[in-house]
Amino acid sequence: MKRTVEQLVRPNILRMKPYSSARDEYSGHEASVFLDANENPYNVPNNRYPDPMQRELKAALGRIKQVPPECIFLGNGSDEAIDLVYRAFCEPRVDNVVAIDPTYGMYQVCAEVNDVEYRKVLLDGHFQFTAHAMMEMADEHTKLMFLCSPNNPTGNTLARTEIEALLLGFDGLVVLDEAYIDFASETGFLPELEKYPNLIVLQTFSKAWGCAALRLGMAFASSDIVDIFNKIKYPYNVNMLTQRQALEMTYRLYEKERWVDTLKAERGWLGDALRCLPCVQEVYPTEANFFLVKVADAPAIYHYLVKCGIIVRSRHTVALCGNCLRITVGTHGENEQLIGALQKYEADE
Ligand SMILES: *Cc1c(COP(=O)(O)O)cnc(C)c1O
């Protein structure tokens with residue numbers, strides 16, 4: 001038998017009573033006079049506290065994602081959800097987490113902030129992992145495992161059979177970060193949410209939806225897990241302007257889909273162009289909106305591009321990514337500028 005959510009959660013979190021905001025209490029009744037929250041009656045609409053549970057937005061997202069609203073947590077970026085899983089489940093200096101390496105840096109940053117041991121399992125030469133290697137790293141204090149598919153910075157999706165094996169075999173929670181899933185050819189794990197009660201899927205408005213400035217992250221999980229996040233989050237963690245703008249984006253879903261189609265086509269063009277450059281040694285396969293590219297001398301090319309006014313991300317110091325740059329797919333004009341500059345880099349040598 002696997003540990004239940006109640007057995008995995010930190011005892012203090014299980015015991016605590018959540019803050020009850022003014023807006024939590026009245027819900028369900030018709031009301032037009034709000035004298036409960038010490039707000040200013042002037043300066044509509046910015047004067048009112050936002051819905052702490054983001055009901056309207058969750059209803060819209062639930063329809064789009066085919067997930068019940070009670071299985072959705074919304075946060076100030078995915079980063080809030082990442083921090084909350086540590087605070088909810090990991091006892092500082094006692095519990096630990098296991099993650100693939102290399103991957104998104106925030107999992108380790110949040111581990112360090114929360115004083116939780118972070119154990120890395122190196123990916124193989126194809127940037128793949130095995131459930132077996134992850135579970136070898138675990139002990140009775142391992143509460144969480146972090147996977148990211150498509151993975152950042154490598155760009156590839158992780159093998160579905162291994163993700164499933166980990167969900168079945170690991171006696172703890174698996175956080176699967178799908179920040180780039182809209183750009184991938186496979187569908188991701190949201191349809192499997194009911195099948196795996198230990199699965200937490202992270203998605204975000206920052207990439208395919210084109211809303212990085214809004215700071216809106218989504219976590220999808222069993223309602224038991226989402227209830228815990230809701231219990232410990234800041235009451236008004238997603239502001240009114242973000243809720244409004246995101247709701248508006250859900251009415252224009254087609255726009256996101258068009259951007260994704262455009263960027264996938266552009267990704268094909270950019271990959272071909274990069275592969276033709278003499279300074280490029282390898283363009284790794286990608287299912288995301290970026291490329292990991294191995295070059296002759298990553299620090300030199302990075303600084304050359306900066307001088308050209310083009311900023312990419314050097315991943316030179318990251319495990320398995322020596323001499324690699326991570327390059328986001330931009331507009332066609334931006335991608336042409338990048339290729340033009342890299343062609344000139346050859347000429348300069
Ligand atoms: C960009 C990115 C995110 C997004 O984080 P936000 O806080 O929602 O902007 C999450 N995970 C990964 C792996 C990313 O690359």
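1. Re the site of the ligand
So, step 1. Around the ligand, the structure places 14 residues, and the nearest of them are Tyr180, Thr204, Ser206, Lys207 and Arg215.
So, step 2. Within the backbone of Asp79, one N or O atom sits 3.2 Å away from an oxygen atom of the ligand.
So, step 3. The side chain of Thr204 places a nitrogen or oxygen atom 2.7 Å from an oxygen atom of the ligand.
So, step 4. Relative to its unbound accessible surface of 390 Å², the ligand loses 94% to contact with the protein.

2. Looking at the packing of helix α5 (residues 78–89) against helix α6 (residues 106–113)
So, step 1. Contact geometry for α5 and α6: axes closest at 9 Å, N-to-C directions at 45°. When the axes of α5 and α6 are compared, the pair comes out oblique. Every pair of crossing elements has a handedness; the one defined by α5 and α6 is right-handed. Residues Asp79, Ile82, Asp83 and Tyr86 of α5 touch α6, and the partners they reach there are Met106, Tyr107, Cys110 and Ala111.

3. Description of the packing of aromatic side chains
So, step 1. Overall, the coordinates contain 9 aromatic pairs when judged by the stated rule.
So, step 2. Here Phe127 and Tyr284 contribute two aromatic rings whose centre-to-centre distance is 5.1 Å and whose plane-to-plane angle is 65°, an arrangement assigned as edge-to-face. Taken together, the positions of Phe127 in the loop between β3 (117–122) and α7 (131–136) and Tyr284 in the loop between β8 (280–283) and β9 (290–295) put the pair 157 residues apart, joining distant regions of the chain.
So, step 3. A relative accessible area of 9% means that Tyr284 is categorised as buried.
So, step 4. Measuring from centroid to centroid gives 4.9 Å for Tyr304 and Tyr345, while their planes differ by 55°, and the two rings are tilted. Taken together, the residues Tyr304 in helix α12 (residues 298–307) and Tyr345 in helix α13 (residues 332–348) connect sequence positions 41 residues apart.
So, step 5. What makes Tyr304 buried here is its relative accessible area of 12%.
So, step 6. By the ring-pair criterion, three or more aromatic residues cluster together here, those being Tyr86, Tyr104, Tyr107 and Phe146.
So, step 7. Positioned above the aromatic ring of Phe189 is the side chain of Arg160, whose terminal nitrogen or guanidinium carbon lies 4.2 Å from the ring centre.

Procedures and definitions
Residues numbered from 1 in each chain as written. Predicted model: local features only at pLDDT ≥ 70, side-chain atom pairs only at ≥ 80, totals over all residues. Heavy atoms only, no water. Near = heavy atom within 4 Å. Polar contact = N/O pair within 3.5 Å; in protein donor to acceptor, adjacent residues only side chain to side chain. Areas by Shrake-Rupley, 256 points an atom, 1.4 Å probe, with all protein chains shown as cover. Axes fitted to C-alpha atoms, helices over the stretch in contact; angles between N-to-C directions. Helix = DSSP H or I, 4+ residues; strand = E, 2+ residues; numbered from the N terminus. Parallel < 35°, antiparallel > 145°, perpendicular 65-115°, else oblique. Left-handed = near helix turned anticlockwise from the far one by under 90°. Contact = heavy atoms within 4.5 Å. Phe/Tyr/Trp six-rings, centres within 6.5 Å; stacked < 30°, edge-to-face > 60°. Buried < 20%, exposed > 50% of the residue type's maximum accessible area, 1.4 Å probe, protein only. Lys NZ or Arg CZ within 6 Å of the ring centre and 35° of its normal.

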